[in-house]
Amino acid sequence: MDIKFPPYEKRLPGLLPSPDDLDRFKKYENEDMLRMQTLCFKHGIQESPSMWYDLALILARELYPERKKAGRKSKWTDLNKCYVVVEIERMMGGGVKTVDSAAYQLSKKEPWRSFIETKDLDTTSADPGEVLRKIYFSTHKDKWADMWRDAFCYHELTGSIDLWDKIIFDEFNNP
């Protein structure tokens, strides 16, 4: 069902209007109304007081869609970033002095080493520790990071750190 509207300019009256122009304009009006109703039918719009608004909105969305973000979808979800924050802070609680050195040491361990791909390094830094360091500083003040800190504390209190480590390993190996 291909609906076409003739150009407006073809329907304009000549310099000297004729008596037949009124009938011709009524015919154009009826044809346009039929086309508009056909568009409503095509888009599943029922007859209602808001049907013309509904049609205008659907057509506007088709004509002006929101642009999609360029590039591939990031594998670094908010959840992964929160894990980075907790793990770096965990290492710092275990004797590592700075975020930089904790990020560097973490980048050498699994599952972090495998998860940081060459694609990450191409866009950020040649140093995998730097990737984790940047993620840490962009996320460590986030409310979700606080929630995952609490989740880690729960595992500490219940003596289930091995379960925490398994969850992280599974998350990064089977996202």
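The coordinates are above.
Residues numbered from 1 in each chain as written. Predicted model: local features only at pLDDT ≥ 70, side-chain atom pairs only at ≥ 80, totals over all residues. Heavy atoms only, no water.

Undergrad: Help me understand the packing of aromatic side chains, please; the structure alone is not making it clear to me.
TA: Pairs of aromatic rings are described using the distance from one ring centre to the other and the angle between the two planes. Summed over all chains, the structure comprises 11 aromatic pairs. Residues Tyr83 and Trp164 carry aromatic rings whose centres are separated by 5.5 Å and whose planes lie at 75 degrees to one another, so their mutual orientation is edge-to-face. Of this pair, Tyr83 sits in helix H3 (residues 78-93) while Trp164 sits in helix H9 (residues 161-173), placing them 81 residues apart in sequence. Residue classification places Tyr83 among the buried residues on the basis of a relative accessible area of 3%. With a centroid separation of 4.5 Å and 55 degrees between ring planes, the pair formed by Trp112 and Phe172 is classed as tilted. One end of the pair, Trp112, is in helix H5 (residues 112-115); the other, Phe172, is in helix H9, and 60 residues separate them in sequence. You'll find Trp112 and Phe172 in the same group, each marked buried. Here the aromatic cluster, defined as three or more aromatic residues joined through ring pairs, consists of Trp76, Tyr83, Trp112, Phe115, Trp148, Phe152, Trp164 and Phe172. Arg24 extends its terminal NZ or CZ atom over the ring of Phe25, reaching a point 5.3 Å from the ring centre. Looking at Lys75, its charged tip hangs above the ring of Phe115, at a distance of 4.5 Å from the centre. (Phe/Tyr/Trp six-rings, centres within 6.5 Å; stacked < 30°, edge-to-face > 60°. Helix = DSSP H or I, 4+ residues; strand = E, 2+ residues; numbered from the N terminus. Buried < 20%, exposed > 50% of the residue type's maximum accessible area, 1.4 Å probe, protein only. Lys NZ or Arg CZ within 6 Å of the ring centre and 35° of its normal.)

Undergrad: I would appreciate a short explanation of the packing of H3 against helix H7 (residues 128-139) in the present structure.
TA: Two quantities define a packed helix pair, namely the angle between the axes and the distance from one axis to the other. Close contact between H3 and H7 brings their axes to 9 Å; oriented N to C, the two are set at 100 degrees. Classified by the interaxial angle, the pair formed by H3 and H7 is roughly perpendicular. Touching Lys81, Cys82, Val84, Val85, Ile88 and Glu89 of H3 are Leu132, Ile135, Tyr136 and Thr139, all from H7. Looking at the contact of H3 with H7, its residues break down into 7 nonpolar, 1 polar and 2 charged. (Axes fitted to C-alpha atoms, helices over the stretch in contact; angles between N-to-C directions. Parallel < 35°, antiparallel > 145°, perpendicular 65-115°, else oblique. Contact = heavy atoms within 4.5 Å. Nonpolar A, V, L, I, M, F, W, Y, C, P; charged D, E, K, R; others polar.)

Undergrad: Is there a simple way to think about the nonpolar core in this case?
TA: One broad trend across soluble globular proteins is that nonpolar side chains are buried collectively. Ranked by internal contacts, the top residues of the largest apolar core, which has 25 residues, are Trp76, Val84, Ile88, Trp112, Leu132 and Phe172. Contributions of two or more residues to this core are made by H3, helix H4 (99-107), H5, H7, helix H8 (143-158) and H9. With 7 residues, the top contributor of residues to this core is H3. In contact with Ile88, not counting residues within four places along its chain, are Val99, Ala102, Ala103, Leu106, Leu132 and Tyr136. By size, the runner-up hydrophobic cluster in this structure holds 6 residues, among which are Ile3, Leu39, Ile45 and Leu55. (Core = buried A, V, L, I, M, F, W, Y, C linked by side-chain atoms within 4.5 Å.)

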